[in-house]
Amino acid sequence: MTTTAEPDLHESVEETADAIATMETRGAATIAAAAADALAAQARAVDADDPESFGRTMRAAGRRLYGTRPTAVSLPNSLRYVLGRMEGETVPELESTVTTAAADFAERLDTAQEQLGEIGANRLRDGDTIMTHCHSTDALSCVRAAVEQGKEISAIVKETRPRRQGHITARELREMGVPVVLIVDSAARRYLDEVDHVVVGADAIAADGSVINKIGTSGLAVNARERGVPIMVAAQTIKFHPDTLTGHTVEIEMREEAEVISADERAELGDLTVENPAFDVTPPRYLDAIVTESGQFPPESVVTLMRELFGESAARPWEESGGSGGSRHGLAGDGSEGGAKSS
Ligand SMILES: O=C(COP(=O)(O)O)[C@H](O)[C@H](O)COP(=O)(O)O
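Here, residues in each chain are numbered from 1, in the same order as that chain's written sequence. At least 70 in pLDDT is required for a residue's local features to be given in this predicted model, at least 80 for side-chain atom pairs to be given and counted, and no such filter applies to totals for whole chains, interfaces and linings, which use all residues. To obtain the side-chain values, all non-hydrogen atoms of the structure were included, while hydrogens and water were left out.

Undergrad: Is there a simple way to explain the UniProt feature "binding site: substrate" (unreviewed entry) in the chain in this structure?
TA: The positions UniProt marks with the feature "binding site: substrate" (unreviewed entry) are Arg26, Gly27, Ala28, Ala29, Arg69, Asn213, Lys214 and Lys239. Separation in sequence by 214 residues is not matched in space for these annotated residues, since their most distant C-alpha atoms are only 14.3 Å apart. Along the polypeptide, Gly27 turns up in the loop between α1 (11–21) and α2 (28–45). Residue contacts are counted whenever heavy atoms from the two residues lie within 4.5 Å of one another. Arg69 has contacts with Ile20, Ala21, Met23, Arg26, Ile31, Leu75, Lys214, Glu253, Arg255, Ala278 and Phe279, leaving out every residue within four places of it along the chain. At 2.8 Å, the side chain of Arg69 forms a polar contact with the side chain of Glu253. UniProt positions are given in the numbering used here, feature names are shortened, and annotations may be inferred rather than shown by experiment. In this description a helix means any DSSP run of H or I spanning at least four residues, a strand means any run of E spanning at least two, and both kinds are numbered starting from the N terminus. By the criterion applied in these results, polar contacts are pairs of N or O atoms within 3.5 Å in which, for protein atoms, one can donate a hydrogen and the other can accept it, and in which residues neighboring in sequence qualify only through two side-chain atoms.

Written as structure tokens, this is what we have:
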């Protein structure tokens, strides 16, 4: 951490950071895309005379975005991709490498989501009923591809307290023509008997194949396993958490109690603690497959692909390290063209 004052940041960085923190912009892939866009806007706007001050401002923008929410690793992976490609001897060169990288990143996100959708759709059969939790654009990509293949899919959608992202899922499934039954979270086990496949997304995937996703995913996975219902996780490789390769654990975001209970309700209850963890960890043994753009994997095997993508360590190019450019390694996507395929 630098002790000097942070440079002024472009309004789109401030706005994007606020939107991520307040969850106006939410969901791991969407957060990653917004962060890359904000870095590009910042690069275009930097009023820097020299490459050093350009680099300083870009890294400060990276830190501002990085500090918004801790769990979805797609955010640091996005910063890694864009800032890791910042190269050049002059300000225009630096600007152009950042804006090009941001555009490439956005394209890769879209392509990856489409590719994993096709792969995930193969797991769904005509007439299947799925159960969803939270709102995942990667998970919905699988359903969309299945519907486009002409399969009839229906859905039981968990409401997903406290923020009710299930409503977004329900709306998007209805737009695809998928019949939807919306249920409260605690009804999930009762309805699992009617379900052929649980389909969820991920905020982060650890090297051991554990999946970090919206709170309630792990309980759903345990219940699904008990009921014999397969559970697939749809997640682009930007959800792979490189720090877990070296034994780090993923920080679980704790959010405000106001999301769970109003001030008046709380006052009535007297002296107690309200906790609001946003995510949980599902161990790999409860999961059937992780579907990525590079193929579908048994959870325990993702470590091989992660090593290919990141090596053994991941760069943190938003940190103040001197010099104008970032170091170019440890980037989700760098090796994905040659990524190992499985099953
Ligand atoms: O848990 C959530 C969103 O949590 P929140 O609403 O707290 O951000 C989603 O399942 C993943 O982010 C995957 O989403 P996607 O597949 O769109 O990346």
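What follows continues from the structure just given.
Undergrad: What is the right way to read the sheet that holds strand β9 (residues 289–292) from this model?
TA: Picture the strands of a sheet paired through backbone hydrogen bonds; they go either parallel or antiparallel. Spatially, seven strands are ordered β3-β2-β1-β4-β7-β9-β10 in an open sheet, and the strand pairing comes out mixed. For this open sheet the edge positions go to β3 (180–183) and β10 (295–297), each flanked by a neighbour on one side alone. Sheet twist, expressed as the mean angle between neighbouring strand axes with direction ignored, is 25 degrees. Between any two strands, pairing holds if DSSP finds at least two bridges. Examined bridge by bridge, strand β1 (residues 129–132) and strand β4 (residues 197–200) share three bridges and lie parallel to one another. Along β4, the bridge assignment pairs Thr132 with Val199. Of the strands in this sheet, β1, β4 and β7 (231–234) touch helix α6 (residues 137–148), which is tilted by about 110 degrees from β7. Between N-to-C directions, angles span 0 to 180 degrees; the directions come from axes that are lines fitted to C-alpha atoms, helices contributing only their stretch in contact.

Undergrad: Would you explain the domain arrangement of the chain in this entry?
TA: Looking at the assigned domains, one finds that the chain contains domain 1 (11–114 + 317–337) and domain 2 (117–306). Either an automatic procedure or a domain database provided the assignment from which the domain bounds are taken. Centre-to-centre separation of domain 1 and domain 2, based on C-alpha positions: 27 Å. In this assembly, 23 residues from domain 1 lie in contact with 33 residues from domain 2. Carbon and sulfur atoms supply 51% of the area buried between domain 1 and domain 2, which totals about 2100 Å² over both sides. Buried area: the accessible area, evaluated with a 1.4 Å probe, that two parts lose upon being put together, summed over both parts.

Undergrad: Could you clarify how one ought to interpret the UniProt feature "active site" (unreviewed entry) in the chain in this entry?
TA: Those residues carrying the UniProt feature "active site" (unreviewed entry) are Cys134 and Asp203 in this numbering. These annotated residues cover 70 residues of sequence, and their C-alpha atoms lie no more than 11.3 Å from one another, placing them together at a single site. Filtering out sequence-adjacent residues up to four positions away, Cys134 remains in contact with Arg26, Lys158, Thr160, Gln165, Gly166, Thr169 and Lys214. Tracing the backbone through its elements, the reader meets Asp203 in the loop between β4 and β5 (204–205). The contact partners of Asp203, leaving out residues within four places of it in the chain, are Ala28, Thr71, Ala72, Val73, Ser74, Ile212, Asn213, Lys214, Lys239 and Phe279.

Undergrad: Sorry, what's going on with the site of the ligand here?
TA: In the vicinity of the ligand, 18 residues are found, and the nearest of them are Arg26, Ser136, Thr137, Asn213 and Lys214. Note that an oxygen atom of the ligand is positioned 2.5 Å from one of the side-chain N or O atoms of Arg26. Take Ser136: an N or O atom from its side chain is 2.7 Å from an oxygen atom of the ligand. In isolation the ligand exposes 450 Å². Once the protein is present, 100% of that is buried. When contributions to the shell around the ligand are tallied by element, the ones reaching two or more residues are α2, α6 and β6 (211–214). Both domain 1 (11–114 + 317–337) and domain 2 (117–306) contribute no fewer than three residues apiece to the shell around the ligand. Any residue with at least one heavy atom within 4 Å of a molecule or strand is counted as near it. Accessible surface is estimated by sampling points in the Shrake-Rupley manner with a 1.4 Å probe; for residues, cover comes only from the protein chains shown.

Undergrad: How should the side chain of Gln165 be read in this particular structure?
TA: If you trace the backbone, Gln165 turns up in the loop between β2 (154–158) and α7 (166–175). Summary of the burial criterion: residues with accessible area below 20% of their type's maximum are buried, those above 50% are exposed, and those between are partly exposed, where the area comes from a 1.4 Å probe applied to protein chains only. Look at Gln165 and you get buried, because its relative accessible area is 3%. Every residue in contact with Gln165, bar those within four places of it in the chain, is listed here: Met23, Arg26, Cys134, His135, Glu159, Thr160 and Lys214.

Undergrad: For this particular structure, what's the right way to read the packing of helix α3 (residues 51–66) against helix α5 (residues 91–121)?
TA: Between two packed helices, both the angle of their axes relative to each other and the distance between the axes serve to describe the pair. Following both chains from N to C, one finds α3 and α5 inclined at 30 degrees, their axes separated by 9 Å at the closest point. Between α3 and α5, the angle is such that the two are roughly parallel. As α3 runs across α5, the sense of the crossing is right-handed. Residue-level inspection shows Pro51, Phe54 and Met58 of α3 in contact with α5, the latter providing Val91, Leu94, Glu95 and Val98. When residues are grouped by polarity, Ala, Val, Leu, Ile, Met, Phe, Trp, Tyr, Cys and Pro land in nonpolar, Asp, Glu, Lys and Arg in charged, and all others, Gly among them, in polar. Grouping the amino acids of the contact of α3 with α5 by side-chain chemistry returns six nonpolar, no polar and one charged. Note on angle classes: values under 35 degrees are labelled roughly parallel, values over 145 roughly antiparallel, values of 65 to 115 roughly perpendicular, and the remainder oblique. By definition, turning the near helix anticlockwise from the far helix through less than a right angle yields a left-handed crossing, and turning it clockwise yields a right-handed one.

Undergrad: Sorry, what's going on with α2 here?
TA: Residues spaced three or four apart along an α-helix point in a common direction, a consequence of the helix completing one turn every 3.6 residues. Here the expected span of a helix is defined as 1.5 Å times the quantity of residues minus one. Along its 18 residues, α2 runs 26 Å from first to last C-alpha, staying within 8% of the 26 Å computed at 1.5 Å per residue. Taken across its 18 residues, α2 has 13 buried, putting it largely inside the fold.

Undergrad: When you look at the pattern of salt bridges in this model, what are you seeing that I'm missing?
TA: Pairing is possible between side chains of opposite charge, provided their charged atoms come close. For this document, the term salt bridge refers to a Lys or Arg side-chain nitrogen within 4 Å of an Asp or Glu carboxyl oxygen. A complete count under the given rule lists 21 salt bridges for this structure. One salt bridge in this structure joins Arg64 and Glu14, with 2.7 Å as the shortest N-O distance. Of the two residues, Arg64 is situated in helix α3 and Glu14 in helix α1; the sequence distance between them amounts to 50 residues. Its relative accessible area of 28% is what places Arg64 among the partly exposed residues. A salt bridge links Arg125 to Asp128; its shortest N-O distance comes to 3.3 Å. The network of salt bridges with common partners includes Arg69, Arg163, Glu253, Arg255 and Glu259.

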